[in-house]
Amino acid sequence: MEGDDGVSSTTVAFRLRWDVFLSFRGEDTCYTFTNLLYDLLAKNGIRVFLDNDGLNRGDEIAPSLLGAIDDSAAAIVVLSLRYAYSRWCLEELAKICECGKLILPVFYQVDPSDVRRQRGPFEDDFRNHEKKFESHKVFKWRKAMEKVGGITGCIVQNG
């Protein structure tokens, strides 16, 4: 439909700021796999959000980080041996699942069934979280891990 000035009155489609949000545990993969993945995506014109600042113990997940998840079309989640050790990684993962984003999991030196069931390297981490955090929060994290562990993704055995 055109207005009096000949300009279309249809609204311009909303464009997200980021194509991909990268979720990862910095200590596990930041300086190896994740930086290589970021570089490869960026070189191919994909707008990638990568949080290199990290969070300190006791810090709350930054609103800007949650905003970046909202403002991304998809998420690549690099699930590593100690991913579930970080409550911030789990908060990110839960937020990604809540938003209904396209999720592309990378199982970095972990078995997808261990992610799905929170077994193997994730078992102790969740046991510790259950001692420190409210049960509804840990339940939300478990459901997010179960969901992502059930998505076909890329399995990386050697980084």
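This one's a predicted model, so the numbers in the text were calculated from it and none came from an experiment.

Right, let's get into the overall build of the protein. Along the protein, the regular secondary structure elements total six helices and five strands. Taken from the N to the C terminus, the helices and strands of the protein come in the order β-α-β-α-β-α-β-α-α-α-β. Taking all 159 residues of the protein together, 40% fall into the buried category. Here the contacts in the protein between residues at least 6 apart in sequence split such that 80% fall between residues at least 24 apart. Of the roughly 9,300 Å² of accessible surface on the protein, 51% is carried by carbon and sulfur atoms.

The next subject is the pairing of strand S3 (residues 72–79). Burial within S3 is extensive, with seven of its eight residues counted as buried. In the sheet, strand S1 (residues 18–23) pairs with S3 via five bridges, with the strands oriented parallel. If you follow valine 20 over to S3, its bridge partner there is alanine 74. Direction of pairing for S3 relative to strand S4 (residues 102–108): parallel, over a ladder of six bridges. If you follow isoleucine 76 over to S4, its bridge partner there is leucine 104. A crossover connection joins S3 to the parallel S4 through helix H3 (residues 87–99); in handedness this β-α-β unit is right-handed.

A few words on H3. A rise of 1.5 Å per residue sets the reference length of H3, with its 13 residues, at 18 Å; its end C-alpha atoms lie 18 Å apart and thus fit the reference within 8%. For H3, a buried count of eleven out of 13 residues is recorded, marking the element as mostly surrounded by other parts of the structure. Three or more residues of H3 are buried, namely Arg87, Trp88, Cys89, Leu90, Glu91, Glu92, Leu93, Ala94, Lys95, Ile96 and Cys97. The elements touched by buried residues of H3 are S1, helix H2 (63–70), S3, S4, helix H5 (123–132) and helix H6 (135–149). The first or second residue beyond H3 is glycine 100, which carries a positive phi of 70°.

In the predicted model, the protein carries a mean pLDDT of 86, and the fraction of residues at 70 or more is 84%. Counting interchain partners and residues more than four positions distant, the pLDDT-below-50 stretch residues 53–59 has eleven contacts.

Now for the nonpolar core. Core analysis: the largest hydrophobic core is formed by 28 residues, its most contacted members being Val77, Leu79, Phe126 and Met145. Mapped by element, the contributors of at least two residues to this core are S1, H2, S3, H3, S4 and H6. It is H3 that contributes the most residues to this core, six residues altogether. When neighbours within four sequence positions are excluded, methionine 145 is seen to be in contact with Leu79, Tyr83, Ala84, Leu90, Leu93, Val115, Arg116, Gln118, Phe122 and Phe126. Core analysis: the next-biggest nonpolar cluster, separate from the first, contains 14 residues, Val48, Leu50, Ile76 and Val106 among them.

A few words on the sheet that holds strand S5 (residues 154–156). With parallel pairing, five strands are arranged side by side in an open sheet as S2-S1-S3-S4-S5. Every other strand in the sheet has two partners, leaving strand S2 (48–49) and S5 as the edge strands with one partner each. Lying on the sheet, helix H1 (residues 26–43) is in contact with S1, S2, S3, S4 and S5; it crosses S3 at an angle near 150°. Docked against the sheet, H3 engages S1, S3 and S4, running at close to 145° with respect to S1.

Thresholds applied
- Residues numbered from 1 in each chain as written.
- Predicted model: local features only at pLDDT ≥ 70, side-chain atom pairs only at ≥ 80, totals over all residues.
- Heavy atoms only, no water.
- Helix = DSSP H or I, 4+ residues; strand = E, 2+ residues; numbered from the N terminus.
- Buried < 20%, exposed > 50% of the residue type's maximum accessible area, 1.4 Å probe, protein only.
- Contact = heavy atoms within 4.5 Å.
- Areas by Shrake-Rupley, 256 points an atom, 1.4 Å probe, with all protein chains shown as cover.
- Pairing = 2+ DSSP bridges.
- Right-handed = clockwise from strand over helix to strand, strands pointing away.
- Expected span 1.5 Å × (residues − 1).
- pLDDT = per-residue confidence, 0-100.
- Core = buried A, V, L, I, M, F, W, Y, C linked by side-chain atoms within 4.5 Å.
- Axes fitted to C-alpha atoms, helices over the stretch in contact; angles between N-to-C directions.

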